[in-house]
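Examination of the molecular architecture
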Amino acid sequence: MDVLYEDNHLIIVNKAPSEIVQGDKTGDKPLSESIKEYLKEKYHKPGNVFCGVTHRLDRPTSGVVVFAKTSKALSRLNEMFRNGEVDKTYWAIVKNRPPKDEDTL
């Protein structure tokens, strides 16, 4: 797991292609569970560790994913995503050059 940033409220990781952010019907271990294990070990936490999923990326894609380390942070981050206060930039590798170098979705 590649941790890009961490503070008391959140942890930001670089998701590799083929990793899943949240559990699904495949039963494959999600990144959220890996983060819980990482936090439990790093901070010697007994019992359960909180890791809130604020957004997801599709399984085949790679990129930066933000997770909340507290329920308060999760609530605030969810509100920020809902209100459009978070900007997302998507880059794609394509076979043929698209008509524009850059665009907004």
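Data block above holds the structure.
The structure contained in this document is the topic of the report that follows. Just so you know, these numbers come straight off a predicted model, no measurement behind them.

1. Describing the pairing of strand β4 (residues 63-68)
The element β4 is largely enclosed, with a buried count of five among its six residues. Taken together, the six bridges between strand β2 (residues 10-15) and β4 define a ladder with antiparallel strand orientation. Note on β4: the bridge partner recorded for K15 is G63.

2. With respect to the pairing of strand β1 (residues 2-6)
Look at any regular strand and the pattern is simple: side chains alternate between the two faces of the sheet. Direction of pairing for β1 relative to β2: antiparallel, over a ladder of four bridges. Pairing of Y5 across the sheet is with I12, part of β2. Remark: three residues form the turn of the hairpin made by β1 and β2, two consecutive strands paired antiparallel.

3. Concerning the sheet that holds β1
Strands sit in the order β1-β2-β4-β3 across an open sheet of four strands; the sheet is antiparallel. The open sheet terminates on both sides in strands that have one partner only, identified here as β1 and β3 (52-53). Relative to β4, β3 runs antiparallel, the two sharing two bridges. Residue pairing in the sheet places G52 in a bridge with A68 of β4.

4. Notes on the pattern of salt bridges
What the rule picks out here adds up to eight salt bridges. We note a salt bridge from K42 to E6, for which the minimum N-O separation is 3.2 Å. Of the two residues, K42 is situated in helix α1 (residues 31-42) and E6 in strand β1; the sequence distance between them amounts to 36 residues. A salt bridge links D24 to R59; its shortest N-O distance comes to 3.9 Å. Here R59 lies in the loop between β3 and β4 and D24 lies in the loop between β2 and α1, a separation of 35 residues in the sequence. Overall, D24 belongs to the partly exposed group, its relative accessible area being 37%. What emerges from the salt-bridge pattern is a single network uniting E6, K42 and K69.

Analysis parameters
- Residues numbered from 1 in each chain as written.
- Predicted model: local features only at pLDDT ≥ 70, side-chain atom pairs only at ≥ 80, totals over all residues.
- Heavy atoms only, no water.
- Buried < 20%, exposed > 50% of the residue type's maximum accessible area, 1.4 Å probe, protein only.
- Helix = DSSP H or I, 4+ residues; strand = E, 2+ residues; numbered from the N terminus.
- Pairing = 2+ DSSP bridges.
- Salt bridge = Lys/Arg side-chain N within 4 Å of Asp/Glu carboxyl O.

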